[in-house]
Amino acid sequence: MQRAETPVETAEPVRPTLPPPLKWAGGKRWLLPHLRPLWQPHRHRRLAEPFCGGLAVALGLNPERALLNDINPHAINFYRQLKAGLKVSIRMVNDSDHYYDSRTEFNRLIADNRAATKKAAALFYYLNRTGYNGLCRFNSRGEFNVPFGRYKTINYTRDFSAYRGILSEWAFSCGDFESMALSPEDFIYADPPYDVQFTQYAKENFRWEDQVRLAEWLARHPGPVVASNQATEKILELYRELGFEIDTLPAPRMISCTGDRSKALEMLATRNL
Ligand SMILES: C[S@@+](CC[C@H](N)C(=O)[O-])C[C@H]1O[C@@H](n2cnc3c(N)ncnc32)[C@H](O)[C@@H]1O
């Protein structure tokens, strides 16, 4: 008589998923249905993101191990504090006077070399939620200068301890993408500022030379690579010539600066998958 087979325990432990804690221009949450099938066969690898921005992709793919980089020191400080179990105790209200006072306080911390602190992370979170469109913009003196956002209501999170477990094996670095300490087996997802004029994500613009420098850097990586960008002719040609496989898909934004109401196209370039 055959015995019933004992079920083999194959299921991986389920990791909780959490939403991106900051508002971030150019967030790629909408791309996740396209990225998940590319990532799935490689999920045992470390996810490396040279432009992690608002963490929409990292939190969406939810890898066990990750190396996440961005040139924005305030976002990276905030994530490092999340990893340490940030609890925000400063006053957070949707009020213009309090917003501008907090902005001044944040700029004082930057001027005093105290931008890499828990206090700066708490203020950065409050300014990000309360300021105009979640923008992160600085004037020529390096001061945060985003105006009050005029939202009707804002829900502030105070206790970020739920992020602690998810981020425990994630490392954060701050700098230009080329300074990342990659391993050859890393799975790279690269989402740079778009190839358009006047992108002002960071103090320095991401120029065409940077797009070329990035594409060539990605082409040298021996592990799997996925890159997204605005599907302009120049970008498509750049990645095609370097031997990437190219896909395009409609993006949830319009080509508005030219008055054209058609949907913009997004490029997904892949290699070594
Ligand atoms: C399109 S956003 C990334 C958005 C992110 N994928 C998300 O879903 O939230 C581009 C990011 O590149 C960063 N950045 C700009 N120039 C950079 C550079 N040279 N090296 C690294 N990061 C850079 C900006 O600070 C910005 O956060």
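Our structure's up above, just so we're on the same page.
These numbers come from a predicted model, not from an experiment. (Residues numbered from 1 in each chain as written. Predicted model: local features only at pLDDT ≥ 70, side-chain atom pairs only at ≥ 80, totals over all residues. Heavy atoms only, no water.)

*Asks:* Whenever I open this one, the packing of aromatic side chains confuses me. Can you help?
*Replies:* Each aromatic ring pair is specified by the distance between its two centres and by the angle formed by the two planes. Across all of its chains, the model carries 19 aromatic pairs by this definition. On the numbers, 6.2 Å between centres and 55° between planes, the contact of Phe-177 with Phe-206 is tilted. One end of the pair, Phe-177, is in the loop between strand S3 (170–174) and strand S4 (187–190); the other, Phe-206, is in the loop between S4 and helix H7 (208–219), with 29 residues separating them in the sequence. As far as the burial class goes, Phe-177 and Phe-206 line up, both buried. Ring geometry for Tyr-239 versus Phe-244: centroids 5.0 Å apart, planes at 70°, classification edge-to-face. Through a chain of ring-to-ring contacts, three or more aromatic side chains come together here, namely Phe-78, Tyr-79, Tyr-125, Phe-160, Tyr-163 and Phe-172. The ring of Trp-208 carries the charged tip of Lys-234 above its face, separated from the ring centre by 4.3 Å. Looking at Arg-271, its charged tip hangs above the ring of Phe-244, at a distance of 4.8 Å from the centre. (Phe/Tyr/Trp six-rings, centres within 6.5 Å; stacked < 30°, edge-to-face > 60°. Helix = DSSP H or I, 4+ residues; strand = E, 2+ residues; numbered from the N terminus. Buried < 20%, exposed > 50% of the residue type's maximum accessible area, 1.4 Å probe, protein only. Lys NZ or Arg CZ within 6 Å of the ring centre and 35° of its normal.)

*Asks:* Help me understand the site of the ligand in this model?
*Replies:* Taken together, 22 residues surround the ligand, and among them Lys-28, Gly-54, Asp-70, Asp-176 and Asp-191 come closest. Here Asp-176 contributes a side-chain N or O atom positioned 2.8 Å from a nitrogen atom of the ligand. At 3.1 Å, a backbone N or O of Phe-177 approaches a nitrogen atom of the ligand. For the ligand, whose unbound accessible area comes to 610 Å², protein coverage reaches 97%. Of the residues that constitute the shell around the ligand, the class distribution is 12 nonpolar, 6 polar and 4 charged. (Near = heavy atom within 4 Å. Polar contact = N/O pair within 3.5 Å; in protein donor to acceptor, adjacent residues only side chain to side chain. Areas by Shrake-Rupley, 256 points an atom, 1.4 Å probe, with all protein chains shown as cover. Nonpolar A, V, L, I, M, F, W, Y, C, P; charged D, E, K, R; others polar.)

*Asks:* What am I meant to see in the nonpolar core here?
*Replies:* Note on soluble globular proteins: their nonpolar side chains tend to be buried together. Among the nonpolar cores identified, the biggest contains 51 residues, and Phe-78, Tyr-79 and Trp-170 are the most heavily contacted of them. Split by domain, the residues of this core number at least three in each of domain 1 (19–72 + 166–273) and domain 2 (88–158). The contacts of Phe-78, once residues within four sequence positions are left out, are Pro-21, Leu-22, Leu-86, Ala-121, Phe-124, Tyr-125 and Phe-160. The next biggest cluster of nonpolar side chains, apart from the first, holds 23 residues, and it includes Ala-48, Phe-206, Tyr-239 and Ala-269. (Core = buried A, V, L, I, M, F, W, Y, C linked by side-chain atoms within 4.5 Å. Domains from an automatic or database assignment. Contact = heavy atoms within 4.5 Å.)

*Asks:* What is the right way to read the pattern of salt bridges from this model?
*Replies:* Should the charged atoms of two oppositely charged side chains come close, the side chains can pair. Evaluated as defined, the whole model comprises 11 salt bridges. Note that Asp-191 and Lys-28 form a salt bridge whose closest N and O atoms lie 3.1 Å from each other. In this pair, Asp-191 is assigned in the loop between S4 and H7 and Lys-28 in the segment before helix H1 (32–39), connecting sequence segments 163 residues apart. Each member of the pair, Asp-191 as well as Lys-28, is classed as buried. Among the ionic pairs, Asp-176 bridges to Arg-213, the shortest N-O distance being 2.8 Å. Here Asp-176 is found in the loop between S3 and S4, whereas its partner Arg-213 is found in helix H7, with 37 residues between them in sequence. Taking the relative accessible area as the measure of exposure, Arg-213 reaches 26% and is therefore partly exposed. It is possible to trace a salt-bridge network through shared partners that takes in Asp-176, Glu-178, Arg-207, Glu-209, Asp-210, Arg-213 and Arg-220. (Salt bridge = Lys/Arg side-chain N within 4 Å of Asp/Glu carboxyl O.)

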